[in-house]
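Single-letter residue listing:
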Amino acid sequence: MGLEHWDPERGKWLLYQSGPEHTEDCARHPFEAIPRRVFLDTNVLNLLVKHSEQVFEQVPISSTFDKTRAHDIEALMHVFQVGARANWDILASEKSLHEIRNTLDEDVRAELLDYAVQLVALPGPDSAYAANLGRQLIDAPFAAALPDLADRELIGNAIGYDCDVFCTCDRRTIVRKRESLPLLPIRILTPLEWWAHIKPWAGLWL
């Protein structure tokens, strides 16, 4: 079962069945908390490219997909549908490109690079600062709860780019560690959580 209900008669997504439900979500996710500048983890870039038809063209998601993956894909579809008008900043980094270059499938690698390179800032003071902060975070004590050094570097890049959210599908080694990262100056959200912040206010742009 999907996240939201598609009404074929109206030709639109019905995000809420009742006013009180909408009101509760508005209180839970205030307008001011909507992510405005989001850094995408490499696994999110993979979803966007491998399931681009579902995300950007709203092709139905296969029932054979794992439930968590299906929800992430649908959440990204809603986020990017709204974001096309809201014009939020979406970023990646040179480190992201480095990880993508390790993709074994040549065709997938090429598609990933074509997409991701558009999200990477041009070389300059901002990108240099983000790259340097990423390297510093690898050894930062307050990031030690993250077992993967590459994850630390990417999150450091996101902080360096002044992002307010690092979006990841990695629930096992990143999301589960959030409570152990109280000093990290950035929010870590899954695609599903990202959409939850936007959903109450999506009508402002749709």
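Since the structure is predicted, the reported quantities are computational estimates derived from the model, not experimental observations.

A. The layout of surface pockets, seen in detail. Volume-wise, the second largest pocket comes out at about 260 Å³. Lining the second largest pocket are Trp-6, Arg-10, Gly-11, Lys-12, Trp-13, Leu-14, Leu-15, Gln-58, Gln-81, Gly-203 and Leu-206. The leading source of residues in the lining of the second largest pocket is strand 2 (residues 12–14), at three residues. Split by residue class, the lining of the second largest pocket holds five nonpolar, four polar and two charged.

B. Quick peek at unusual backbone geometry. Positive phi, normally seen in glycine, also occurs at Asn-87, with a value near 60°. Tracing the backbone through its elements, the reader meets Asn-87 in the loop between helix 4 (67–86) and strand 4 (89–91). Even without being glycine, Asp-162 reaches a positive phi, approximately 60°. With respect to the helices and strands, the residue Asp-162 is situated in the loop between helix 8 (149–160) and strand 5 (165–167).

C. Quick look at the nonpolar core. Residues Leu-40, Leu-45, Leu-76, Trp-194, Trp-195 and Ile-198 are the most contacted members of the largest nonpolar core, which totals 36 residues. If you list the elements that add at least two residues to this core, you get strand 3 (37–40), helix 2 (42–50), helix 4, helix 5 (94–100), helix 6 (106–116), strand 5 and helix 9 (191–198). With seven residues, the single largest contributor to this core is helix 4. Among the nonpolar cores identified, the runner-up in size contains 20 residues, and Phe-39, Leu-137, Ile-174 and Ile-188 belong to it.

D. Examining the packing of helix 2 against helix 4 more closely. In the contact formed by helix 2 and helix 4, the axes pass within 11 Å of each other and the chain directions differ by 80°. In terms of orientation, helix 2 lies roughly perpendicular with respect to helix 4. Two secondary-structure elements touch here, helix 2 through Val-44, Leu-47 and Leu-48 and helix 4 through Arg-69, Asp-72, Ile-73, Leu-76 and Phe-80. Residues belonging to the contact of helix 2 with helix 4 are distributed by class as follows: six nonpolar, no polar and two charged.

Conventions used here
Residues numbered from 1 in each chain as written. Predicted model: local features only at pLDDT ≥ 70, side-chain atom pairs only at ≥ 80, totals over all residues. Heavy atoms only, no water. 1 Å grid on protein atoms, 1.4 Å probe; cavity = no way out; pocket = protein on both sides within 12 Å on 5 of 7 lines; lining within 4 Å. Points joined across faces, edges and corners; volume = space filled by probe spheres on them. Helix = DSSP H or I, 4+ residues; strand = E, 2+ residues; numbered from the N terminus. Nonpolar A, V, L, I, M, F, W, Y, C, P; charged D, E, K, R; others polar. Core = buried A, V, L, I, M, F, W, Y, C linked by side-chain atoms within 4.5 Å. Buried < 20%, exposed > 50% of the residue type's maximum accessible area, 1.4 Å probe, protein only. Axes fitted to C-alpha atoms, helices over the stretch in contact; angles between N-to-C directions. Parallel < 35°, antiparallel > 145°, perpendicular 65-115°, else oblique. Contact = heavy atoms within 4.5 Å.

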